[in-house]
Amino acid sequence: MTFNPNDYIPALVESGLSIIPITEGEKRPHSILGPTHDLLSQRPAREEAEKWVATGVRSWAVAGGAVSENLVTLDFDEKHYKGLFDLWYAKLADDQKAIVDTCAKSRTRNGGTHLRYRTETSQPTVKLSRRVIKGKIETTSETKAEGGYALIPPSAGYTLLQGDLAHLPLVTDEIHEGFIDILRTFEEV
(Lines give C-alpha, C1' and ligand atoms only; values in the text may rest on other atoms or scores of the structure.)
Protein backbone atom coordinates (compact mmCIF):
# COMPACT_ATOMS: atom_id res chain seq x y z
CA MET A 1 0.00 0.00 0.00
CA THR A 2 1.33 3.43 -0.92
CA PHE A 3 0.57 6.51 1.11
CA ASN A 4 0.40 10.14 0.12
CA PRO A 5 1.92 11.81 3.21
CA ASN A 6 0.17 15.10 2.31
CA ASP A 7 -3.16 13.44 3.10
CA TYR A 8 -2.20 10.46 5.25
CA ILE A 9 -0.20 12.06 8.07
CA PRO A 10 -2.78 14.82 8.79
CA ALA A 11 -5.56 12.18 8.61
CA LEU A 12 -3.80 10.14 11.29
CA VAL A 13 -3.69 13.22 13.53
CA GLU A 14 -7.41 13.75 12.87
CA SER A 15 -8.06 10.12 13.87
CA GLY A 16 -6.66 10.83 17.34
CA LEU A 17 -3.03 9.78 16.98
CA SER A 18 -0.06 11.85 18.16
CA ILE A 19 2.27 11.74 15.17
CA ILE A 20 5.97 12.49 15.64
CA PRO A 21 8.29 13.52 12.78
CA ILE A 22 11.42 11.33 12.85
CA THR A 23 14.96 11.87 11.54
CA GLU A 24 15.30 9.82 8.34
CA GLY A 25 17.04 6.47 8.91
CA GLU A 26 16.99 6.87 12.69
CA LYS A 27 14.51 6.41 15.50
CA ARG A 28 14.79 9.83 17.11
CA PRO A 29 12.57 12.90 16.78
CA HIS A 30 13.32 15.17 13.83
CA SER A 31 15.26 18.41 14.40
CA ILE A 32 12.22 20.31 13.08
CA LEU A 33 10.82 19.91 16.60
CA GLY A 34 13.72 21.80 18.17
CA PRO A 35 15.53 20.62 21.32
CA THR A 36 12.33 19.56 23.12
CA HIS A 37 8.80 18.51 22.24
CA ASP A 38 5.69 17.39 24.07
CA LEU A 39 4.27 14.98 21.49
CA LEU A 40 4.24 12.12 24.02
CA SER A 41 1.65 14.06 26.01
CA GLN A 42 0.14 16.58 23.57
CA ARG A 43 -1.24 15.69 20.13
CA PRO A 44 -0.18 18.07 17.34
CA ALA A 45 -2.72 20.09 15.38
CA ARG A 46 -3.50 19.01 11.82
CA GLU A 47 -1.89 22.25 10.56
CA GLU A 48 1.34 21.41 12.37
CA ALA A 49 1.45 17.96 10.74
CA GLU A 50 0.76 19.54 7.33
CA LYS A 51 3.70 21.91 7.92
CA TRP A 52 6.03 18.99 8.73
CA VAL A 53 4.98 17.15 5.57
CA ALA A 54 5.48 20.32 3.49
CA THR A 55 9.05 20.72 4.78
CA GLY A 56 9.93 17.24 3.49
CA VAL A 57 9.82 15.05 6.61
CA ARG A 58 9.61 11.42 5.38
CA SER A 59 9.82 9.32 8.56
CA TRP A 60 7.09 9.17 11.16
CA ALA A 61 6.28 7.63 14.51
CA VAL A 62 3.18 7.45 16.64
CA ALA A 63 3.14 8.06 20.39
CA GLY A 64 1.45 5.45 22.52
CA GLY A 65 -0.80 5.84 25.54
CA ALA A 66 -3.39 8.43 26.45
CA VAL A 67 -2.17 11.08 23.97
CA SER A 68 -3.22 8.72 21.14
CA GLU A 69 -6.47 7.57 22.75
CA ASN A 70 -4.81 4.65 24.61
CA LEU A 71 -2.80 3.33 21.66
CA VAL A 72 -0.74 0.18 22.24
CA THR A 73 1.90 -1.12 19.86
CA LEU A 74 3.00 -4.70 20.43
CA ASP A 75 6.57 -4.74 19.11
CA PHE A 76 7.93 -8.12 18.01
CA ASP A 77 11.69 -7.77 17.37
CA GLU A 78 12.26 -10.58 14.91
CA LYS A 79 15.85 -9.50 14.34
CA HIS A 80 16.51 -11.15 17.71
CA TYR A 81 13.79 -13.84 17.56
CA LYS A 82 12.90 -14.97 14.04
CA GLY A 83 9.24 -15.90 13.65
CA LEU A 84 8.19 -14.59 17.09
CA PHE A 85 4.93 -13.06 15.88
CA ASP A 86 3.82 -16.32 14.25
CA LEU A 87 4.80 -18.34 17.34
CA TRP A 88 2.82 -15.95 19.54
CA TYR A 89 -0.18 -15.96 17.20
CA ALA A 90 -0.23 -19.78 17.22
CA LYS A 91 -0.62 -19.74 21.02
CA LEU A 92 -3.70 -17.46 20.89
CA ALA A 93 -7.23 -18.78 21.33
CA ASP A 94 -9.53 -18.47 18.29
CA ASP A 95 -11.37 -15.46 19.79
CA GLN A 96 -8.03 -13.72 20.41
CA LYS A 97 -6.90 -14.45 16.83
CA ALA A 98 -10.14 -12.94 15.52
CA ILE A 99 -9.33 -9.69 17.37
CA VAL A 100 -5.69 -9.65 16.21
CA ASP A 101 -6.94 -10.04 12.63
CA THR A 102 -8.72 -6.65 12.96
CA CYS A 103 -5.66 -4.77 14.25
CA ALA A 104 -3.22 -2.68 12.23
CA LYS A 105 -0.18 -4.84 11.54
CA SER A 106 3.03 -3.66 9.92
CA ARG A 107 6.45 -5.02 9.05
CA THR A 108 9.44 -3.09 10.43
CA ARG A 109 12.68 -2.33 8.64
CA ASN A 110 14.43 -5.04 10.69
CA GLY A 111 11.88 -7.70 9.68
CA GLY A 112 9.90 -7.40 12.92
CA THR A 113 6.19 -6.87 13.41
CA HIS A 114 4.16 -4.08 15.00
CA LEU A 115 0.57 -4.80 16.01
CA ARG A 116 -1.55 -1.77 16.96
CA TYR A 117 -4.86 -1.30 18.74
CA ARG A 118 -6.45 0.87 21.41
CA THR A 119 -7.34 -0.25 24.94
CA GLU A 120 -9.96 0.88 27.44
CA THR A 121 -7.35 2.48 29.71
CA SER A 122 -3.83 3.72 29.08
CA GLN A 123 -1.24 0.95 29.29
CA PRO A 124 2.44 1.21 30.30
CA THR A 125 5.43 0.68 28.03
CA VAL A 126 6.86 -2.68 29.18
CA LYS A 127 9.55 -5.12 28.03
CA LEU A 128 7.81 -8.51 27.79
CA SER A 129 10.44 -10.98 26.62
CA ARG A 130 14.21 -11.09 26.24
CA ARG A 131 16.92 -13.50 25.22
CA VAL A 132 20.70 -13.63 25.39
CA ILE A 133 22.41 -13.16 22.03
CA LYS A 134 26.22 -13.26 21.87
CA GLY A 135 26.43 -12.62 25.60
CA LYS A 136 24.12 -9.59 25.50
CA ILE A 137 20.50 -9.41 26.72
CA GLU A 138 18.23 -8.32 23.85
CA THR A 139 14.55 -7.42 24.09
CA THR A 140 12.47 -9.59 21.77
CA SER A 141 9.03 -8.16 22.53
CA GLU A 142 7.61 -5.16 24.31
CA THR A 143 4.67 -2.80 24.43
CA LYS A 144 5.14 0.73 23.18
CA ALA A 145 2.40 2.59 25.00
CA GLU A 146 2.41 5.38 27.63
CA GLY A 147 5.61 7.41 27.25
CA GLY A 148 6.79 5.43 24.21
CA TYR A 149 6.59 5.66 20.44
CA ALA A 150 7.20 3.46 17.41
CA LEU A 151 7.80 4.16 13.74
CA ILE A 152 4.99 3.73 11.22
CA PRO A 153 4.56 3.44 7.47
CA PRO A 154 5.33 5.35 5.27
CA SER A 155 8.75 5.55 6.99
CA ALA A 156 11.46 3.79 4.97
CA GLY A 157 11.37 0.03 5.56
CA TYR A 158 7.92 0.01 7.22
CA THR A 159 5.04 -1.66 5.40
CA LEU A 160 1.40 -1.89 6.40
CA LEU A 161 0.33 -5.55 6.15
CA GLN A 162 -3.24 -5.37 7.47
CA GLY A 163 -5.71 -2.93 8.93
CA ASP A 164 -5.72 0.84 9.01
CA LEU A 165 -3.91 3.09 11.49
CA ALA A 166 -6.69 5.67 11.16
CA HIS A 167 -9.33 3.12 12.24
CA LEU A 168 -7.91 1.06 15.09
CA PRO A 169 -10.01 -1.44 17.03
CA LEU A 170 -10.74 -1.03 20.74
CA VAL A 171 -9.49 -4.05 22.69
CA THR A 172 -10.63 -4.64 26.26
CA ASP A 173 -7.98 -4.35 28.95
CA GLU A 174 -8.63 -8.03 29.76
CA ILE A 175 -7.90 -9.15 26.18
CA HIS A 176 -4.80 -6.93 26.12
CA GLU A 177 -3.56 -8.58 29.33
CA GLY A 178 -4.12 -11.97 27.71
CA PHE A 179 -2.01 -10.92 24.71
CA ILE A 180 0.90 -9.78 26.86
CA ASP A 181 0.67 -12.78 29.21
CA ILE A 182 1.25 -15.03 26.20
CA LEU A 183 4.13 -12.85 24.99
CA ARG A 184 5.77 -13.15 28.42
CA THR A 185 6.01 -16.92 27.89
CA PHE A 186 8.83 -16.18 25.43
CA GLU A 187 11.03 -14.68 28.18
CA GLU A 188 14.37 -16.54 28.22
CA VAL A 189 16.40 -14.48 30.69
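Residues numbered from 1 in each chain as written. Predicted model: local features only at pLDDT ≥ 70, side-chain atom pairs only at ≥ 80, totals over all residues. Heavy atoms only, no water.

### Notes on the overall build of the protein
This is how the line gets drawn: Numbering of helices and strands runs from the N terminus, with a helix taken as a DSSP run of H or I at least four residues long and a strand as a DSSP run of E at least two residues long. Restricting the calculation to C-alpha atoms gives the radius of gyration, and the globule rule supplies 2.2 Å times the number of residues raised to the power 0.38. For the exposure calls, accessible area comes from a 1.4 Å probe over protein chains only, and a residue counts as buried if that area is under 20% of its type's maximum, exposed if over 50%, partly exposed in between. We call two residues contacting when some pair of their heavy atoms lies within 4.5 Å. Computed with a 1.4 Å probe, the accessible areas rest on the Shrake-Rupley method; for each residue, only the protein chains presented here act as cover.
In terms of regular secondary structure, the protein is built from five helices and ten strands. Computed over its C-alpha atoms, the radius of gyration of the protein comes to 16 Å, within 12% of the 16 Å expected for a compact globule of 189 residues. A principal-axis box enclosing the C-alpha atoms of the protein has dimensions of 45 × 35 × 30 Å. The buried share of the protein, reckoned over its 189 residues, is 49%. Taking the intrachain contacts of the protein between residues at least 6 apart in sequence as the baseline, contacts between residues at least 24 apart amount to 74%. Here the protein displays about 8800 Å² of accessible surface, and carbon together with sulfur accounts for 50% of that area.

### Comments concerning unusual backbone geometry
Put simply, proline 153 and proline 154 share a cis peptide bond, and its omega is 15 degrees. Relative to the helices and strands, proline 154 is located in the loop between β8 (149–152) and β9 (159–162). The residue glutamate 69 is not glycine, and still its phi comes out positive at about 55 degrees. Within the secondary structure, glutamate 69 is located in the loop between β2 (59–63) and β3 (71–76).

### Re the pattern of salt bridges
As a working rule, side chains carrying opposite charge can pair if their charged atoms are close by. Worth spelling out the cut-off: Here a salt bridge means any side-chain nitrogen of Lys or Arg lying within 4 Å of a carboxyl oxygen belonging to Asp or Glu.
Tallied over the entire structure, the rule returns eleven salt bridges. For arginine 46, the salt bridge goes to glutamate 50, with nearest N and O atoms at 3.0 Å. With arginine 46 and glutamate 50 both in helix α2 (residues 46–54) and four residues apart, this pair spans about one turn of that helix. For arginine 46, a relative accessible area of 28% corresponds to the partly exposed category. Taking the shortest distance from any N to any O, the salt bridge between glutamate 188 and arginine 131 comes out at 2.9 Å. In this pair, glutamate 188 is assigned in the segment after α5 (173–184) and arginine 131 in strand β6 (residues 126–133), connecting sequence segments 57 residues apart. With relative accessibility at 45%, the residue glutamate 188 sits in the partly exposed group.

### As for the nonpolar core
To be explicit about the condition: Residues belong to a common nonpolar core when they are buried Ala, Val, Leu, Ile, Met, Phe, Trp, Tyr or Cys residues joined through side-chain atoms within 4.5 Å.
Membership of the largest hydrophobic core comes to 28 residues, with the highest contact counts inside it found for Ile9, Leu12, Leu17, Ile19, Trp60 and Leu165. Leaving out residues up to four positions away in the same chain, leucine 165 has contacts with Tyr8, Leu12, Ser15, Leu17, Ala104, Arg116, Ile152 and Pro153. Grouped together as the second largest cluster of nonpolar side chains are 21 residues, Leu92, Tyr117, Ala145 and Phe186 included.

### Some words on the environment of tryptophan 88
Here tryptophan 88 is to be found in helix α3 (residues 84–91). With relative accessibility at 0%, the residue tryptophan 88 sits in the buried group. Distance in space between the C-alpha atoms of tryptophan 88 and isoleucine 182 is 6.9 Å, their sequence separation being 94 residues. When near neighbours in sequence (up to four residues on either side) are disregarded, tryptophan 88 contacts Leu74, Phe76, Val100, Leu115, Phe179, Ile182, Leu183 and Phe186.

### Here we look at the pairing of β3
Selection rule: Any two strands with at least two DSSP bridges between them are considered paired.
Of all the six residues making up β3, six are buried; the element is thus mostly covered by neighbouring parts of the structure. Neither face of β3 is open: one carries Leu71, Thr73 and Asp75, the other Val72, Leu74 and Phe76, and all of them are buried. With six bridges joining them, β3 and strand β5 (residues 113–119) adopt antiparallel strand pairing. When the sheet's bridge partners are listed, leucine 71 is paired in β5 with arginine 118. Direction of pairing for β3 relative to strand β7 (residues 136–144): antiparallel, over a ladder of four bridges. Its bridge partner being in β7, threonine 73 is matched across the sheet by lysine 144.

### Regarding the packing of aromatic side chains
Threshold: Working definition: rings of Phe, Tyr and Trp (its six-membered ring) pair if their centres are within 6.5 Å, and the pair is stacked with planes under 30 degrees apart, edge-to-face with planes over 60 apart, and tilted otherwise.
A complete count under the given rule lists seven aromatic pairs for this structure. Ring geometry for phenylalanine 76 versus phenylalanine 85: centroids 5.1 Å apart, planes at 80 degrees, classification edge-to-face. Taking 5.9 Å as the distance between ring centres and 90 degrees as the angle between the ring planes, the aromatic pair formed by tyrosine 81 and phenylalanine 186 counts as edge-to-face. In this pair, tyrosine 81 sits in the loop between β3 and α3 while phenylalanine 186 sits in the segment after α5, placing the two residues 105 residues apart along the sequence. Grouping residues by exposure puts tyrosine 81 and phenylalanine 186 together as buried.

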